[in-house]
Amino acid sequence: MSRFDWLSELIARCEEEHILFHGGSARELAPAHVLHIDIEDWGKFAVMAAEQQTRWCAVWAVQQDEETLLMNACFEKQGDYLVIRAPLDIHSPVLPSQAPVFPAANRPERHSQDMFGVMFGNHPDSRRWIRHQAWDEEIFPLRKDIRMAHSDQVAPADTYYPFFQAQGSGVYEIPVGPVHAGIIEPGHFRFQAVGETILNLEERLGYVHKGIEKIAEGRDAEGLAKLAGRISGDTTVAHTWCACMAMERAANVAVPRRGIYLRALLAERERVANHLGDIGAICNDVGFAFANSQFSRLREIWQRTQSVIFKHRLLMDTIVPGGVKVDLSSQQCETLSQQHAVIKTELNELMAILNDHASLEDRLVSAGHLSHELATKLGVVGYLAKASGVDYDLRRDHAYAPYDRMNIDSPCYQQGDVATRLQVRADEIIHSLILMDTLLQQLPDGDIANTWKPPVAICEGLGMVEAWRGEIISYVQFDATGKISRFYARDPSWLNWPALEQLIDGNIVPDFPVCNKSVNGSYSGHDL
Amino acid sequence: MLRLFNKIRKTGMVTETIAVDSDLQALGIEVKSVINKRFAGSFAIRAVDSGSCNACELEIHALNNAFYDIERFGVHFVASPRHADALLVTGPVSQHMAQAVLDVWEATPEPKWLLAMGDCAVDGGEFAGSYAVMGGIAKILKPDVIIPGCPPTPEVILKAILGLLHNT
Ligand code: SF4
């Protein structure tokens, strides 16, 4: 199949519907294809894109000058990315919403609404999202003329957020959070339940909003890489890689082949670490302490090796613009391969024990079911998608280096329950271990990084990476002095959080923790 | 089932004497005696994420794995601040969490201690200066112990907790 062979059909359909194109480009945000349209056609285009069964990925604004915001929306089909762009007058910033056809656009559009003061007409839910009470409704932090001073004043809690209400005899409400009982990130869950059965769950996020997009502005490339590594600490490698990829594409800086291989090795290590920890934690949430203790032991061994070889237990700041910071000796390569073999043996042993336990099966099978239909409709990614029959993995379907030269095996199942999501993660560990062996065997000689050359003219770039949770998309724009003038990172959690609200319906309240853990959305990655 | 027991037998005991320096082991023993005397054998910590990136939380989790097994010193993590002797705060205190953190502190019974964990909690770390964060727990409450690092390793956290107990 040739690349983008669906695009001409989409364009033809749009033209039939009188959508005007003001040029297109394969270079502007390569490898994505860009189409320029009128802002009036923003909603109509989404209808056509849905008709062609593309997946909605992201929306972000870039302020071009005092008068104009450039709106961007990103779609994917068969591993090819399309970005549509349209200028929007900042003084009457109203455009049609894409959320009526793409539910995934709902919260990201509300994010743009809160941060840029963009108004989406016919949006199904225009309540505030990332904004709580720390700044005024009329203030839009990401507009260029807004200074957003730091304040030592404690902002009031967002007590009056208009939650969905349910009434009826026997219906009661359980508010949970922002401070949760476990050692996890803060967010709020509002349940309506009858007896033990959950009727409705509503998520309220934004509690850990740190202003990342704003404080990215004015940084140099190295500074942005550091910040990106802290968007979501469990995904530090993939976020840094994605931001660096966008910066390198913008500034036209190549990464030496050895550096690229090492980046992939780091990303696979991050995948394995998180999957190991989460398999244990999922079992722990149904009271199977043995698995938690075993898997957290493996995770610890894994992290200790990282601390010795890569100088950081979680691999923070190992990727830098232009390459990576840590090289491997041949002896270290040997140590790593040996560890792959050990983990593989232990994992197989443990999975056999897990599969042996009828009581575990009883809790995990059929819990938190997400149908294929819903997974497609919501546009979820990563293990959540793969467990519900959506067979997408960027490493294979949008193959970027070094994966483009490798055989990528990606699991896909149909059952869509907690047990299946756990199985996907176990499979992914095995695949990653094999991949890492290949990476080490084929590790090219040479430099691990090229010197970063700050761009001297305005430029922009887009990065796409398959993180352990699924697809990350990062957009970067440099000003003419080589400093960041816009940064947007779409964590996979944006697409996966809404699925939790759906897959929990009809489950019992005590199963919420395990269902939640099986999705494991990032709060920090989402709240930015 | 047999396979499970076999695995346990084969794994053996991995819990370590934190012997990277022997001081720590000595400190552990001493602290255990402080906890026994002053906290009836158990010191309860409530972890509060005030807007962290979640890496600090991962390392708190590690404290409970079989290698560090912090509970053997009588230190354990509790679900409610009302059951806690100390709060372990991570993150730069986002504006959206600041009030909640104050409420949690308020709900913690006296006598109580506050530990600021990670560069973010110490001074805002990578997020210092942002409109959306207070820039460290000290902006709203006075920490008794600060634990720098991004994130601090489990060993460093363990030492800091034990050190706090030692000094109270
Ligand atoms: S100190 Fe570092 S690891 Fe901890 S929350 Fe802050 S950025 Fe994350």
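In this report, we go over the structure that sits alongside the text. Quantities reported herein were computed from a predicted structural model and do not represent experimental measurements.

Cut-offs and rules
Position numbers for residues start from 1 in each chain and track the written sequence from start to end. Numbering of ligands from 1 and lettering of chains from A proceed in the order in which they are written. Restriction of local features to residues with pLDDT of at least 70 applies here, the model being predicted, together with a cutoff of 80 or more for giving and counting side-chain atom pairs; totals for whole chains, interfaces and linings are based on all residues. Side-chain measures here rest on the full set of heavy atoms in the structure, leaving out hydrogens and waters. To obtain an axis, a line is fitted to C-alpha atoms, over the contacting stretch when the element is a helix, and the angle between two such axes runs from 0 to 180 degrees between their N-to-C directions. Think of it this way: any DSSP run of H or I at least four residues long counts as a helix, any run of E at least two long counts as a strand, and we number them from the N terminus. Should the near helix be turned anticlockwise from the far one by less than a right angle, the crossing is termed left-handed; should it be turned clockwise, right-handed. Here a residue-residue contact requires only that any non-hydrogen atoms of the pair lie within 4.5 Å. The classification used treats Ala, Val, Leu, Ile, Met, Phe, Trp, Tyr, Cys and Pro as nonpolar, Asp, Glu, Lys and Arg as charged, and all other residues, Gly among them, as polar. A pair of aromatic rings is counted whenever rings of Phe, Tyr or Trp (Trp by its six-membered ring) have centres within 6.5 Å, and the orientation is called stacked for planes under 30 degrees apart, edge-to-face for over 60 and tilted otherwise. Buried means the residue's accessible area, taken with a 1.4 Å probe over protein chains only, is under 20% of the maximum for its type, while exposed means over 50%, and partly exposed covers the values in between. Pairing between strands is defined by DSSP: at least two bridges between the two strands are required.

### A short note on the packing of helix H14 (residues 418-441) of chain A against helix H16 (residues 512-519) of chain A
All names here are of chain A.
- The contact between H14 and H16 brings their axes to 10 Å, and the two run at 35°. Here the hand of the crossing between H14 and H16 comes out left-handed. For the pair H14 and H16, contact is made by Val418, Arg421 and Arg425 and by Val514, Cys515, Lys517, Ser518 and Val519, respectively.
- Of the residues assigned to the contact of H14 with H16, the class counts are four nonpolar, one polar and three charged.

### Some thoughts on unusual backbone geometry
- The residue after Glu110(B), namely Pro111(B), is reached through a cis peptide bond having omega -10°.
- Along the polypeptide, Pro111(B) turns up in the loop between helix H4 (95-107) and strand E4 (113-117).
- A cis amide bond links Cys150(B) with the next residue in sequence, Pro151(B), at an omega value of -15°.
- At Leu315(A), a position not held by glycine, the phi torsion is positive, near 70°.
- By the secondary structure assignment, Leu315(A) is in the loop between helix H8 (289-310) and strand E11 (319-320).

### Examining the packing of aromatic side chains
Residues and elements named next belong to chain A.
- Tallying each qualifying case throughout the model produces 20 aromatic pairs over all chains.
- When the ring of tyrosine 383 is compared with that of tryptophan 468, the centres are 6.2 Å apart and the planes differ by 20°; the resulting orientation is stacked. Highlighted residues: tyrosine 383 in helix H12 (residues 382-386) and tryptophan 468 in the loop between strand E13 (459-467) and strand E14 (470-478), separated in sequence by 85 residues. Of the two residues, tyrosine 383 and tryptophan 468, both sit in the buried class.
- Both rings, one in tryptophan 497 and one in tyrosine 523, keep their centres 4.8 Å apart while their planes meet at 70°; by these two values the pair is edge-to-face. With tryptophan 497 in helix H15 (residues 493-503) and tyrosine 523 in helix H17 (residues 523-527), the pair connects residues that are 26 residues apart, well separated along the chain. Residues tryptophan 497 and tyrosine 523 agree in their burial class; the two are buried.
- Clustering of aromatic rings is evident, with ring pairs tying together Phe189, Phe191, Trp497, Phe512 and Tyr523.

### Brief notes about the sheet that holds strand E2 (residues 33-37) of chain A
Residues and elements named next belong to chain A.
- Taken in spatial order, the five strands of this open sheet run E1-E2-E5-E4-E3, and their pairing is mixed. What marks the edges here is a single partner per strand, and that holds for strand E1 (21-25) and strand E3 (55-63). Each strand of the sheet is rotated relative to its neighbour by a mean of 20°, with strand direction disregarded.
- In this sheet, strand E5 (residues 80-89) lies alongside E2 in parallel orientation, the contact comprising four bridges. Looking across to E5, one finds that histidine 33 is bridged to leucine 82.

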